Amino acid sequence: MAQRDRSLREKVVSLEEAAGFVQDGMKVGIGGSTMSRTPMAMLWELIRQHRKDLSISRCIVSTDGDLVFGSGIANHVVTSWFAQGILWGLSKVMRHHVESGSKRYEEWSHMAVGMRFRAGGMGVPFLPTRAMLGSDIVGQRPEARQIDCPFTGEKLLLVPALNPDVALIHVQRCDPYGNAQIDGLQFMDIDLALAANSVILTTERIVSNDQIRRAPDQTKIPFFCVDAVVEVPYGSAPHECYGLYEPMMRHMEAYVAQVNADPVKGMQEYLDRYFYSPKSWNEYLSLIGMDEVLEATQKGRSIYND
């Protein structure tokens, strides 16, 4: 981390170039949560470039977990919850790969995942918490250590820092230097950005540094944490980006029905059509369909209606 160039410089690159920051075998942190601000465009590109042996960490995993397991780019997921979204329940794709032994699902409590990112961002080797004490998860996680607090004598659990090699984070806007502003819930993205050795930001739009400076309180991730900036409109599709678009539900429902019917063949057919066949992200969006994209946009922006 000491060798990183933290200078104030333009970092705008293409989606293809940004993927070069992620090498086989790396630990990759994913920003957002569930179906919110998922860096889907970046995952789309990594799958197209056939990365392998990645270890993925995210606070709550949704269909992004299906995709990294089903495509084969990841063999390990660290999270507190792995489903296909609140509406569709437990992922049959995840169950197929984990129960067959081909992939590993490492479960922590939601608080523990956050504390691990925070410890990583603080530069300390662990943080104490009460989360998971008294649960069955503790028995599954030998990495966590129970201690007696030296001040109170209470039982505490020490959770180890989590420092991804690279973090993928999607935001509503940032400047060319990587000063990122996030509307709505921030989830664990600030701690993730501080914990990671490098950060790739995808953004709905790149704005001027002057515009960022007009509302400095909205800047959640500073430029010195960021290594690459990629402007990708609808970069969370078919998931949602607060204030801009809602999830593209017809596409999501069709996807879930397809992969749950056959977690292997259904997933491969989905990847072939939506990931490997399109020549660009815009072509991917056109396959989802203009009607659905516009409908999701109208619903997403409706929060600003009087």
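Data block above holds the structure.
Anyway, here's the lowdown on the structure attached to this text. (Residues numbered from 1 in each chain as written. Predicted model: local features only at pLDDT ≥ 70, side-chain atom pairs only at ≥ 80, totals over all residues. Heavy atoms only, no water.)

1. Focus on the overall build of the protein
Formally: The numbering of helices and of strands both runs from the N terminus, where a helix is a DSSP run of H or I of at least 4 residues and a strand a run of E of at least 2. The reference for a compact globule is 2.2 Å times residues^0.38; the radius of gyration itself is calculated from the C-alpha atoms. Residue contacts follow a heavy-atom distance rule, with two residues in contact if any of their heavy atoms lie within 4.5 Å. Computed by Shrake-Rupley with a 1.4 Å probe, the accessible areas treat only the displayed protein chains as cover when residues are assessed. When charges are counted, Lys and Arg are positive and Asp and Glu negative, with His and the chain ends excluded. Charge placement uses NZ in Lys and CZ in Arg. For Asp and Glu, CG and CD serve respectively.
Assigned secondary structure in the protein consists of 12 helices and 12 strands. For the protein, the C-alpha radius of gyration of 19 Å lies close to 19 Å, the compact-globule estimate for 306 residues. Along the first, second and third principal axes, the C-alpha atoms of the protein reach 60 × 50 × 45 Å. Summarising the internal contacts of the protein: among those between residues at least 6 apart in sequence, 74% fall at separations of at least 24. If you sum the accessible surface of the protein, you get close to 13600 Å²; carbon and sulfur atoms cover 52% of it. The protein carries 31 positive and 37 negative side-chain charges, and their two centres are separated by 3 Å.

2. Brief notes about the pattern of salt bridges
The following threshold applies: A pairing counts as a salt bridge when a side-chain nitrogen of Lys or Arg comes within 4 Å of a carboxyl oxygen of Asp or Glu. Think of it in three bands: residues with accessible area under 20% of the maximum for their type are buried, residues over 50% are exposed, and the middle band is partly exposed, with areas taken using a 1.4 Å probe on protein chains only.
Under the definition given, this model contains 14 salt bridges. Measuring nitrogen to oxygen at the nearest pair gives 3.0 Å for the salt bridge that ties R118 to D191. Separated by 73 residues along the polypeptide, R118 in helix α5 (residues 110-122) and D191 in helix α7 (residues 189-195) bring together distant segments of the chain. Its relative accessible area of 42% is what places R118 among the partly exposed residues. According to the relative accessible area criterion, D191 is buried, its value standing at 15%. In this structure, R250 engages E295 in a salt bridge whose closest nitrogen and oxygen atoms are separated by 2.9 Å. Within this pair, whereas R250 is found in helix α9 (residues 249-261), its partner E295 is found in helix α12 (residues 290-301), the two being separated by 45 residues in sequence. R250 sits in the partly exposed class, given a relative accessible area of 44%. The class for E295 is partly exposed, based on a relative accessible area of 31%. Where salt bridges share partners, they join R104, E106 and R116 into one cluster.

3. Here's the deal with unusual backbone geometry
Residue A237 is joined to P238 through a cis peptide bond whose omega torsion reads 5°. With respect to the element layout, P238 can be found in the loop between β12 (228-231) and α9. At M132, a residue that is not glycine, the phi angle is positive and equals roughly 85°. Looking at the secondary structure, you find M132 in the loop between β5 (126-129) and α6 (137-140). Of the residues examined, M132 reaches a relative accessible area of 6% and is grouped as buried.

4. As for the packing of helix α2 (residues 40-48) against helix α3 (residues 63-71)
What counts is decided by this rule: Helix axes use the C-alpha atoms of the stretch in contact, all axes being lines fitted to C-alpha atoms, and the angles between their N-to-C directions lie in the range 0 to 180 degrees. The labels follow the angle: roughly parallel below 35 degrees, roughly antiparallel above 145, roughly perpendicular from 65 to 115, and oblique for the rest. Any residue that is not Ala, Val, Leu, Ile, Met, Phe, Trp, Tyr, Cys, Pro, Asp, Glu, Lys or Arg is counted as polar, Gly included; the first ten are nonpolar and the last four charged.
It is the contact of α2 with α3, at a shortest axis distance of 11 Å, that shows an interaxial angle of 5°. Here α2 is positioned roughly parallel relative to α3, judged by the angle of their axes. Between α2 and α3, the residues in contact are M40, L43 and I47 and T63, D64, L67, V68 and S71, respectively. Grouping the amino acids of the contact of α2 with α3 by side-chain chemistry returns five nonpolar, two polar and one charged.

5. Considering α5
Our working rule: Helices are assigned an expected span. That span is 1.5 Å times one less than the residue count.
For α5, which comprises 13 residues, the first-to-last C-alpha distance of 19 Å matches the rise-based estimate of 18 Å (1.5 Å per residue) to within 8%. When we look at burial in α5, the residues that qualify are A112, V113, G114, M115, R116, F117, A119 and G120. At its buried positions, α5 is contacted by β2 (54-57), β3 (74-79), β4 (104-107), β5, β7 (155-160) and α7. Among the residues trailing α5, G123 stands out with phi positive, at a value near 80°.

6. Details of the nonpolar core
So the rule is basically this: What is meant by a nonpolar core is a set of buried Ala, Val, Leu, Ile, Met, Phe, Trp, Tyr and Cys residues, joined one to another through side-chain atoms within 4.5 Å.
In terms of nonpolar packing, the biggest core is built from 53 residues, with L168, F275, W281 and Y284 touching the most fellow members. Among the elements that take part in this core, α2 stands out by supplying seven residues, more than any other. What Y284 contacts, discounting residues up to four positions off in sequence, is M40, W44, A237, P238, Y270, Y274, F275 and P278. Ranked by size, the runner-up nonpolar core spans 31 residues in total, among them C59, V78, L127 and V138.

7. As for the packing of aromatic side chains
Heads up, the rule is: Side-chain rings of Phe, Tyr and Trp, where Trp is taken by its six-membered ring, are said to pair if the distance between their centres is within 6.5 Å; with planes under 30 degrees apart they count as stacked, over 60 as edge-to-face, and otherwise as tilted. A positively charged side chain is recorded as over a ring if its NZ (Lys) or CZ (Arg) lies within 6 Å of the ring centre. The angle to the ring normal must also be within 35 degrees.
This structure, assessed with the given rule, holds 11 aromatic pairs. Their ring planes at 80° and their centres at 5.8 Å tell us that F82 and Y105 sit as a pair that is edge-to-face. Of this pair, F82 sits in the loop between β3 and α4 (92-99) while Y105 sits in strand β4; the two residues are 23 residues apart in sequence, bridging distant segments of the chain. Accessibility expressed as a relative area gives 2% for F82, which makes it buried. Here the aromatic cluster, defined as three or more aromatic residues joined through ring pairs, consists of W44, Y255, Y270, Y274, F275, W281 and Y284. Above the face of the W44 ring, R48 is positioned so that its terminal group lies 4.1 Å from the ring centre. Across the ring face of W108, the terminal group of R116 is positioned such that the distance to the ring centre comes to 4.5 Å.

Just geometry here; none of it tells us what the structure is for.
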